[in-house]
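In case you want the letters, here they are:
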Amino acid sequence: MFSNWFGANNIHEVPPSSSIFHEFPHPENWREVVDELYSRFGSEGEGIPLSMCPCGNRKATARRFLVARKYKVDEAEKMLRDTLHWRQTVSVGDVVGVDSILKAKPRWDLLSDSRKIIPSTPFHCYSKQGFPVYVLRLGQGDGSLAASTAEECHVYSSIIRGEHLTRSIIPDAHKRGLLQNLTKGSSAGVTTPKLERLSHEDLDSETTIDITDNMEILDKQVVLVDLDGVGMSALRCLYVFKTINSVAAYNYPELSKAIYVLNTPSVFDYIWAAIKPILAPHTQSKIKIFQAGSDQYSALQQIIEDDDIPDFLTPQVPGDPLRGKAGCVTGSELPSFRPSGVVSLDTWIESQSDDPDKSCPF
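As the structure is a computational prediction, the values presented were derived from the model and not from experiment.

1. Side note on empty space enclosed by the protein
Applying the stated criterion across every chain, the model contains one cavity of 30 Å³ or more. In this structure, the largest cavity occupies an estimated 40 Å³ of space. For the largest cavity, the full set of lining residues is Met-52, Arg-64, Phe-65, Arg-87, Glu-163, Thr-166, Asn-251 and Tyr-252. Those elements that provide at least two residues to the lining of the largest cavity are α3 (58-68) and α8 (151-181).

2. Description of the sheet that holds strand β3 (residues 120-126)
Sheet architecture is open: five strands sit in the order β3-β4-β5-β6-β7, paired in mixed fashion. Looking at which strands have only one partner, the edges of the open sheet turn out to be β3 and β7 (287-289). Sheet twist, expressed as the average angle between the axes of neighbouring strands with direction ignored, equals 20°. As paired elements, strand β4 (residues 132-137) and strand β5 (residues 221-226) share five bridges and run parallel to each other.

3. Quick notes on unusual backbone geometry
In this model, Cys-55 sits at a positive phi of 60°, which is unusual for a non-glycine residue. Its location among the elements puts Cys-55 in the loop between α2 (30-39) and α3. In this model, Tyr-71 sits at a positive phi of 60°, which is unusual for a non-glycine residue. Within the secondary structure layout, Tyr-71 lies in the loop between α3 and α4 (73-89).

4. Details of α3
Most of α3 is tucked away, with 10 of its 11 residues classed as buried. Buried residues of α3: Arg-58, Ala-60, Thr-61, Ala-62, Arg-63, Arg-64, Phe-65, Leu-66, Val-67 and Ala-68, and no others. The inward-facing, buried residues of α3 contact α2, α4, α9 (238-251) and α11 (281-286). Capping the start of α3 is the job of one residue whose side-chain oxygen sits 3.3 Å from the backbone nitrogen of Lys-59: Asn-57. Where α3 ends, the next residue or the one after it, Lys-70, has phi of about 55°, a positive value.

5. Notes on the pattern of salt bridges
Following the criterion strictly, the structure yields 19 salt bridges and no others. Where Glu-36 meets Arg-40, a salt bridge forms, and the shortest distance between an N and an O atom there is 3.0 Å. Residue class for Glu-36 comes out partly exposed when judged on its relative accessible area of 38%. One salt bridge connects Glu-163 with Arg-167, and the closest N-O pair in it is separated by 2.7 Å. With Glu-163 and Arg-167 both in helix α8 and four residues apart, this pair spans about one turn of that helix. For Glu-163, a relative accessible area of 0% translates into the label buried.

6. Thoughts on the side chain of Arg-58
Within the fold, Arg-58 resides in helix α3. Buried within the structure, Arg-58 lacks any salt-bridge partner; its nearest side chain of opposite charge belongs to Glu-46, at an N-O separation of 6.1 Å.

7. Focus on the packing of helix α6 (residues 108-117) against helix α13 (residues 340-352)
Two measures define how a pair of helices packs: the angle their axes make with one another and the distance between the axes. Packing of α6 against α13 brings their axes to within 13 Å, and their N-to-C directions diverge by 160°. By the angle between their axes, α6 is roughly antiparallel relative to α13. The way α6 lies across α13 gives a crossing that is right-handed. Of the residues in α13, those touching α6 at Trp-108, Leu-111 and Arg-115 are Val-342, Leu-345, Asp-346, Ile-349 and Glu-350. Here the contact of α6 with α13 is composed, by residue class, of five nonpolar, no polar and three charged.

8. Some words on the environment of Glu-216
If you trace the backbone, Glu-216 turns up in the loop between α8 and β5. Once the C-alpha coordinates of Glu-216 and Lys-59 are considered, the two residues, 157 residues apart in sequence, prove to be 9.3 Å apart.

9. Overview of the side chain of Arg-137
Within the secondary structure, Arg-137 is located in strand β4. Residue Arg-137 is classed as buried on the basis of its relative accessible area, which comes to 15%. Looking at Arg-137, its side chain comes within polar contact range of the side chain of Asp-226, at 2.9 Å. What Arg-137 contacts, discounting residues up to four positions off in sequence, is Pro-119, Asp-226, Asp-228, Phe-312 and Val-329.

10. With respect to the packing of aromatic side chains
This model, assessed by the stated rule, comprises seven aromatic pairs. On the numbers, 6.0 Å between centres and 90° between planes, the contact of Trp-86 with Tyr-252 is edge-to-face. You can see Trp-86 sitting in helix α4 and its partner Tyr-252 sitting in the loop between α9 and β6 (256-262), a full 166 residues away along the chain. Over the ring of Phe-312 we find Arg-137; its NZ or CZ atom is 3.7 Å from the centre of that ring. Positioned over the ring face of Tyr-134 is Arg-161, at 3.8 Å from the centre of the ring.

What counts and what doesn't
- Residues numbered from 1 in each chain as written.
- Predicted model: local features only at pLDDT ≥ 70, side-chain atom pairs only at ≥ 80, totals over all residues.
- Heavy atoms only, no water.
- 1 Å grid on protein atoms, 1.4 Å probe; cavity = no way out; pocket = protein on both sides within 12 Å on 5 of 7 lines; lining within 4 Å.
- Points joined across faces, edges and corners; volume = space filled by probe spheres on them.
- Helix = DSSP H or I, 4+ residues; strand = E, 2+ residues; numbered from the N terminus.
- Pairing = 2+ DSSP bridges.
- Axes fitted to C-alpha atoms, helices over the stretch in contact; angles between N-to-C directions.
- Buried < 20%, exposed > 50% of the residue type's maximum accessible area, 1.4 Å probe, protein only.
- Contact = heavy atoms within 4.5 Å.
- Polar contact = N/O pair within 3.5 Å; in protein donor to acceptor, adjacent residues only side chain to side chain.
- Salt bridge = Lys/Arg side-chain N within 4 Å of Asp/Glu carboxyl O.
- Lys, Arg positive; Asp, Glu negative; His and termini not counted.
- Parallel < 35°, antiparallel > 145°, perpendicular 65-115°, else oblique.
- Left-handed = near helix turned anticlockwise from the far one by under 90°.
- Nonpolar A, V, L, I, M, F, W, Y, C, P; charged D, E, K, R; others polar.
- Phe/Tyr/Trp six-rings, centres within 6.5 Å; stacked < 30°, edge-to-face > 60°.
- Lys NZ or Arg CZ within 6 Å of the ring centre and 35° of its normal.

Okay, structure coming up:
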């Protein structure tokens, strides 16, 4: 879908999305189906709040809900209305509603526990195909804390993650692609570095580009899930996954382009048997499963520059300098450590809050 963003010099270097990612088989009349769902929320779709729409694009958001329900309009409408109700009624402590939760004093205590349980970074880098990359190290988290932490922690962290993704990461990624696609002398008058090395920091927040009139926006991320260190004890934390999945799958659907499950342990078959039934069939089709080895690294090289592949996913040679990118995720042993993607998230959290005592304590 976004292959025209890459210049001719990169055609042989960057595998197109369609060759490595599962593509949902959209019906030929998908635009008409989107229009039908859209019209059920007002003539201009005004019943769909812009705050829940990446890039302020209501039709693209309606399309995601349709994909989640296999283009069955009635089912997609119900799912979207259920999400609208959830956004108004979900609570964290005594704060009710997603927008109010963002404006309230940040719950740094809940985020601290979440980062110990699931070491991660919400934005690690961009893939070669232009998608933002999210990294998690499930086997390095604090399992005992996961088993004792209240559900509120996982709900809050899922809301923060989902809102940051849709309000910040995806718009930045889409703007990045559009900037690369502009030529010198265009109406916007923007000259940019090459896409593959254009980073979060290169984006000019003052640049205004119309990204609301095309349903085919870049509204997906690539997820890397490292399972090194995961054992059968992970099944005790299954409710954590169920909670996070229930928030994400029902209220932030179809935001993942692909999910790479990496360094799978010998007990993975048992864990997968417990998790697979929870996942939607279309989500299952996006999952690629690997054990440590050359096939896993080659698959990562198809989507990420070598320098951006995390060091713990990069083959190392004893005695040689460390290969890959170090310091990619938070950690249960060093909870105060924050990679750049987490620092950006925390800055964004502060920017959303109206509370005078909103500063991040980490």
